Each structure stands twice: as C-alpha cells, then as structure tokens.
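Residue strings, one per chain:
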Amino acid sequence: MTRTSMPREKLFDLARSIDAHKTSMAHSREEAVAGVTSGLIDVGQSVTWRAWHFGFPIRMTSRITELQEPDCFVDQQVKGPFRSFRHVHEFTDDDGGTVMIDRIEFTAPFGVIGLLVEKVFLGRYMRKLIERRNAFLVSEH
C-alpha cells in the first residue's frame, strides 16, 4: 500500500504511464520494445518489456485486461517468464490524498523448484520491486 497527497486521477495515470515505468525501472534497464512503447497504456492494449533481472535478460508481454478510471486497472502477462502473472492496481481517496494498492498474483515456472523459488525469494523480490516503483511515482511527480 502506498499513500500520497497526489490526486487519485494523477496517480492513476502515472501508474499506467509507460514512460514513468521505464524511468522507475532504470536499475533493471527496462525498456518497452513492442506494443505501446510510450504514453499511457489503455484497456485492450499490450506492451512488451525487455529488462535484466537476476543477471538475465527477460522479456514479458502484458495486456491491460480491465480498466475503470480512476479506480483500478489490471495487467496480465500474455507471454513471458511466469506460468501466470496478474497485477491489480487499485486507487482510493484518503484524507485529501490517494491510497494505491497493488495486488500481484503469480505462479513461477518449473513446477516444485519454481514453487520453492517463489516462496523463498521471488515473492519478496517482487514486493520490493513494486515498492521501489511506487516510491518513485509518488516522489518524482
């Protein structure tokens, strides 16, 4: 959960901004290489990201499957490293500001080994990645 004094509509747009995402993920050299590669992504649109995580190049295509402006949107992996990946972004007003909640559901590949990696390491890694991205969104804009 991330709280900010930023208006909900502005944070909603920042969270679906390809450009803000690229800047917030500069540490992993994340680039939009296909689909929507700049500006705001909308329902039904997709983006393919190329990044470096764990020392490996990763490609992931996700599509915005739901969007209710400015309350929530959902992106889901269409193609990529996870068996499944779904990210729900929720926005609510809170004491003159906004609360943003990210709900991530994912399943790692590779069966039992993937499940072990998911429980021991990947869940925490994903949480930190989202926290870092959200801190950027609320502090830089």
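Residues numbered from 1 in each chain as written. Predicted model: local features only at pLDDT ≥ 70, side-chain atom pairs only at ≥ 80, totals over all residues. Heavy atoms only, no water.

Structural notes on the overall build of the protein
- Each helix and strand in the protein was counted, giving three helices and seven strands.
- Of the regular secondary structure in the protein, the N- to C-terminal order runs β-α-α-β-β-β-β-β-β-α.
- Computed over C-alpha atoms, the radius of gyration of the protein comes to 15 Å, within 12% of the 14 Å expected from 2.2 N^0.38 for 141 residues, which places it in the range of a compact globule.
- The 141 residues of the protein split such that 42% are buried.
- Long-range pairs, those at least 24 residues apart, make up 40% of the contacts in the protein between residues at least 6 apart in sequence.
- Of the roughly 7,900 Å² of accessible surface on the protein, a fraction of 54% belongs to carbon and sulfur atoms.
- Each charge class in the protein was averaged separately, 19 positive and 19 negative side chains, and the resulting centres sit 9 Å apart. (Helix = DSSP H or I, 4+ residues; strand = E, 2+ residues; numbered from the N terminus. Rg over C-alpha atoms; globule rule 2.2 N^0.38 Å. Buried < 20%, exposed > 50% of the residue type's maximum accessible area, 1.4 Å probe, protein only. Contact = heavy atoms within 4.5 Å. Areas by Shrake-Rupley, 256 points an atom, 1.4 Å probe, with all protein chains shown as cover. Lys, Arg positive; Asp, Glu negative; His and termini not counted. Charge placed at Lys NZ, Arg CZ, Asp CG, Glu CD.)

Looking at the sheet that holds strand 5 (residues 72-79)
- The antiparallel open sheet is built from seven strands, whose spatial order is 1-7-6-5-4-3-2. In the strand order of this sheet, the two ends are held by strand 1 (2-4) and strand 2 (31-35), each with one partner. Averaged over all pairs of adjacent strands, the angle between their axes in this sheet comes to 25 degrees, without regard to strand direction.
- Looking at chain direction, strand 2 and strand 3 (residues 46-53) are connected through four bridges and run antiparallel. Directly across from A32, in strand 3, lies its bridge partner W49.
- Its contacts with the sheet place helix 1 (residues 8-15) against strand 1, strand 4 (56-68), strand 5, strand 6 (84-94) and strand 7 (97-107), and it is angled at close to 165 degrees to strand 6. (Pairing = 2+ DSSP bridges. Axes fitted to C-alpha atoms, helices over the stretch in contact; angles between N-to-C directions.)

Let's talk about helix 1
- For helix 1, the set of buried residues is R8, L11, F12, L14 and A15. Projection of helix 1 onto a plane perpendicular to its axis shows the buried side chains occupying an angular sector of 165 degrees, all on one side. (Arc of directions from axis to C-beta.)

Thoughts on the nonpolar core
- Counting 18 residues, the largest nonpolar core has I18, F91 and L137 as the members making the most contacts within it.
- Looking at which element gives the most residues to this core, the answer is helix 1, with four residues.
- Leaving out residues up to four positions away in the same chain, L137 has contacts with M6, L11, L14, A15, A20 and M100.
- By size, the runner-up hydrophobic cluster in this structure holds nine residues, among which are F82, F85, A108 and L122. (Core = buried A, V, L, I, M, F, W, Y, C linked by side-chain atoms within 4.5 Å.)

As for the environment of T2
- Along the chain, T2 turns up in strand 1.
- Residues T2 and I18, 16 residues apart in the sequence, show an inter-C-alpha distance of 19 Å.
- A distance of 3.2 Å separates polar atoms of two side chains, one belonging to T2 and the other to N134. (Polar contact = N/O pair within 3.5 Å; in protein donor to acceptor, adjacent residues only side chain to side chain.)

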